[in-house]
Amino acid sequence: MNLKIAIIGSGPSAFYTAQSLLKINADYEIDIIEKLFSPYGLIRYGVAPDHQSTKNVSRVFERVLNNTNVEFFGGVEINESPTIDEVMEIYDAVVIASGMAKDKKLNISEENKTGYFGATQFVNWYNGHPEYQNLKPNFNTDSAIIIGNGNVAIDCARILVRTINELEDTDITKTAMNSLKKSSIKNVYIIGRRGPLDAKFTTVEIREMGELSDCDSILSKGTIDNIDKKLMNDDMEKQYRILTSFNEEKPINSKKSKTVEFKFHLSPKEFIGAEKISGLKFINNLNPDEELEVIDAGIVISAIGYQGDKLVGVKSDESGKIIHKDNIIKDRLYTAGWAARGPSGVIGTNKHDGSKVAKHIENNVNSKNSPGRIALKSLLELKNKRYISKEEWLKIDQAEVKRASKGSPRLKFTSHSEVFNFLDNIKPVRK
Ligand code: NAP
């Protein structure tokens, strides 16, 4: 049976779903609809540029995209116009795999001060996401604070303390590189509201913090004394071994110019500084009645997790997670990845979601001779929306690789207008 299926979003969960669908039936016609001009979501804009080997999974997704039954509709946001309902009308089945793109709120006073930003803003900025290119972080400060004890916090810290040489062979944007070249940051504080054994860092990521070429990672004084070893499970023991390999003070003879300090049991309470941040006050969660602890810093990044955007016509909870049962939203409408599960798990975690949704579609969806792709093209034309086709994306992809400087994998386009200019200046490729 030849079903016409639309997948909204083009990150790992979208591609794993498409891959599973094609394994079930190579004749399924699959359209991947993405609001940005480029596919691959978090692989392109989330994974840190100094983790190029993680980005290599996009080769698997490229093979899926290259399948003749798969088409890409870039630059098309499905929400208000076209709506999910409009897409449902023209396809046999629709999968929402749109992820979670916004920062969870810290909910302390005046989060809009200069020098404060959420990790999604910061990460998207250095990775060239078109919606975050006017962030303009100013690194003319001695110290930065990162709130949160997950891998995103570690990514942000690493980018701040890497040497320019270490970043040169990556796909970090030129703008980010130029700003980091001028950085005066010497100290980065990574703050956990709970203890070191409750941290959500994975062991590979935390180990890497002990191997930086120009930065020492240290544990705040007294951290080890406060750890109750009796409560440790195997994962915690691994974490404990790595963390306790860090010194409690910067070695006196260290030749490294920067320091990352891990501090625990602190919750942010209040920014210091009028318009521009000069520090942050914290409650000590082990002794909440104690005086607030002050850390001076000109930059504060909160890396405390993500939340989803509301989609018209689809119910979600307060975190933006879509309401569903076993990935089924309703008849012919499914969800996968962070949109369904919330912001957790590594890239491979999405494989399971993808194959589950594909099986639901195989077992429960009958063809209703939906027009699919042809009707989507007409709908977009009717709404006067220009989209980026697969062929056009492949041109963009090749151009990004070609214009990169030696050693760097690609120089990304960072705005839709830049992409449209580029496409308008080459031979038309759309059929
Ligand atoms: P995360 O792993 O859920 O970590 C969020 C951190 O923020 C936790 O330490 C949490 O503390 C803290 N937090 C939450 N609300 C807070 C608040 N109001 N005040 C202070 N702290 C607060 O989220 P993430 O770092 O955004 O990562 C998302 C997912 O992507 C994770 O599964 C992660 O492993 C994955 N990822 C993987 C990689 C990689 O493999 N290299 C890189 C980046 C991201 P509590 O524990 O106390 O709630």
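Being a predicted model, the structure only gives us computed values, none of them experimental. (Residues numbered from 1 in each chain as written. Predicted model: local features only at pLDDT ≥ 70, side-chain atom pairs only at ≥ 80, totals over all residues. Heavy atoms only, no water.)

A. Structural context of the environment of Asp103. Its location among the elements puts Asp103 in strand S5 (residues 102-103). The exposure class of Asp103 is buried, given its relative accessible area of 17%. Considering only alpha carbons, one finds Asp103 and Ser302, 199 residues apart in sequence, at a separation of 8.2 Å. Of the polar contacts made by the side chain of Asp103, one reaches the backbone nitrogen of Gln121; its length is 3.5 Å. (Helix = DSSP H or I, 4+ residues; strand = E, 2+ residues; numbered from the N terminus. Buried < 20%, exposed > 50% of the residue type's maximum accessible area, 1.4 Å probe, protein only. Polar contact = N/O pair within 3.5 Å; in protein donor to acceptor, adjacent residues only side chain to side chain.)

B. Spatial organisation of the site of the ligand. Around the ligand lies a shell of 21 residues, among which Asn149, Arg193, Arg194, Glu205 and Gly345 are the nearest. Its free accessible area being 920 Å², the ligand has 82% of it covered by the protein chains. Ranked by residues supplied to the shell around the ligand, first place goes to helix H7 (residues 151-161) with three residues. Along the lines of polarity and charge, the residues of the shell around the ligand split into eight nonpolar, seven polar and six charged. (Near = heavy atom within 4 Å. Areas by Shrake-Rupley, 256 points an atom, 1.4 Å probe, with all protein chains shown as cover. Nonpolar A, V, L, I, M, F, W, Y, C, P; charged D, E, K, R; others polar.)

C. Geometry of the sheet that holds strand S13 (residues 293-296). Ordered by their spatial adjacency, three strands build an open sheet running S11-S12-S13, and the pairing between neighbours is antiparallel. Edge positions in the open sheet fall to strand S11 (266-272) and S13, since each of these has one partner strand only. For this sheet, the mean inter-axis angle between neighbouring strands, taken without regard to orientation, is 30°. Here strand S12 (residues 279-284) pairs with S13 via four bridges, running antiparallel. If you follow Lys281 over to S13, its bridge partner there is Val294. (Pairing = 2+ DSSP bridges. Axes fitted to C-alpha atoms, helices over the stretch in contact; angles between N-to-C directions.)

D. Spotlight on unusual backbone geometry. In this model, Ser81 is joined to Pro82 through a cis peptide bond whose omega is -5°. Tracing the backbone through its elements, the reader meets Pro82 in the loop between strand S3 (70-74) and helix H5 (84-90). Its identity as a non-glycine residue notwithstanding, Arg332 has a phi of 70°, on the positive side. Along the chain, the position of Arg332 falls in the loop between strand S16 (328-330) and strand S17 (333-335). Given a relative accessible area of 18%, Arg332 falls into the buried group. With phi around 60°, Asn384 is a residue other than glycine that occupies positive phi space. A relative accessible area of 73% means that Asn384 is categorised as exposed.

E. Region of interest: the side chain of Glu34. For Glu34, the position within the fold is in strand S2 (residues 29-34). For the buried Glu34, no salt bridge is present, and the opposite-charge side chain at shortest range is Lys35, 6.9 Å distant. Polar contacts involving the side chain of Glu34 include one to the side chain of Ser10, which spans 2.7 Å. Those residues within four positions of Glu34 in sequence are excluded, and the remaining contacts are Gly9, Ser10, Phe72, Phe73, Gly74, Gly75 and Val76. (Lys, Arg positive; Asp, Glu negative; His and termini not counted. Salt bridge = Lys/Arg side-chain N within 4 Å of Asp/Glu carboxyl O. Contact = heavy atoms within 4.5 Å.)

F. Structural detail: the pairing of S2. Buried residues dominate S2, accounting for six of its six residues. Because side chains alternate across S2, one face comprises the buried residues Glu29, Asp31 and Ile33, and the other comprises Ile30, Ile32 and Glu34, equally buried. In terms of strand pairing, strand S1 (residues 4-8) meets S2 through five bridges, oriented parallel. Directly across from Ile8, in S2, lies its bridge partner Ile33. Regarding the hand of the β-α-β motif, the stretch spanning S1, helix H1 (residues 12-24) and S2 is right-handed. Alignment of S2 against S3, held across five bridges, turns out to be parallel. Considered in S3, the bridge of Ile32 is made with Phe72. (Right-handed = clockwise from strand over helix to strand, strands pointing away.)

G. Representation of the packing of H1 against helix H13 (residues 349-364) in the model. Contact geometry for H1 and H13: axes closest at 7 Å, N-to-C directions at 45°. In this view, H1 runs oblique relative to H13, as classed from their interaxial angle. As for how H1 packs across H13, the hand of that crossing is right-handed. Contact residues: Pro12, Ser13, Tyr16, Thr17, Ser20, Leu21 and Ile24 in H1; Asn350, Lys351, Gly354, Ser355, Val357, Ala358, Lys359, Ile361 and Glu362 in H13. Classifying every residue of the contact of H1 with H13 by side-chain character gives seven nonpolar, six polar and three charged. (Parallel < 35°, antiparallel > 145°, perpendicular 65-115°, else oblique. Left-handed = near helix turned anticlockwise from the far one by under 90°.)

H. Layout of the pattern of salt bridges. Throughout the structure, instances matching the rule amount to 25 salt bridges. Here Glu261 makes a salt bridge to Lys263, at a shortest N to O gap of 3.8 Å. Across this residue pair, the class does not change: Glu261 and Lys263 are buried. Residues joined by salt bridges that share partners form a network here, namely Asp50, Asp155, Arg158, Arg162, Glu166 and Glu208.

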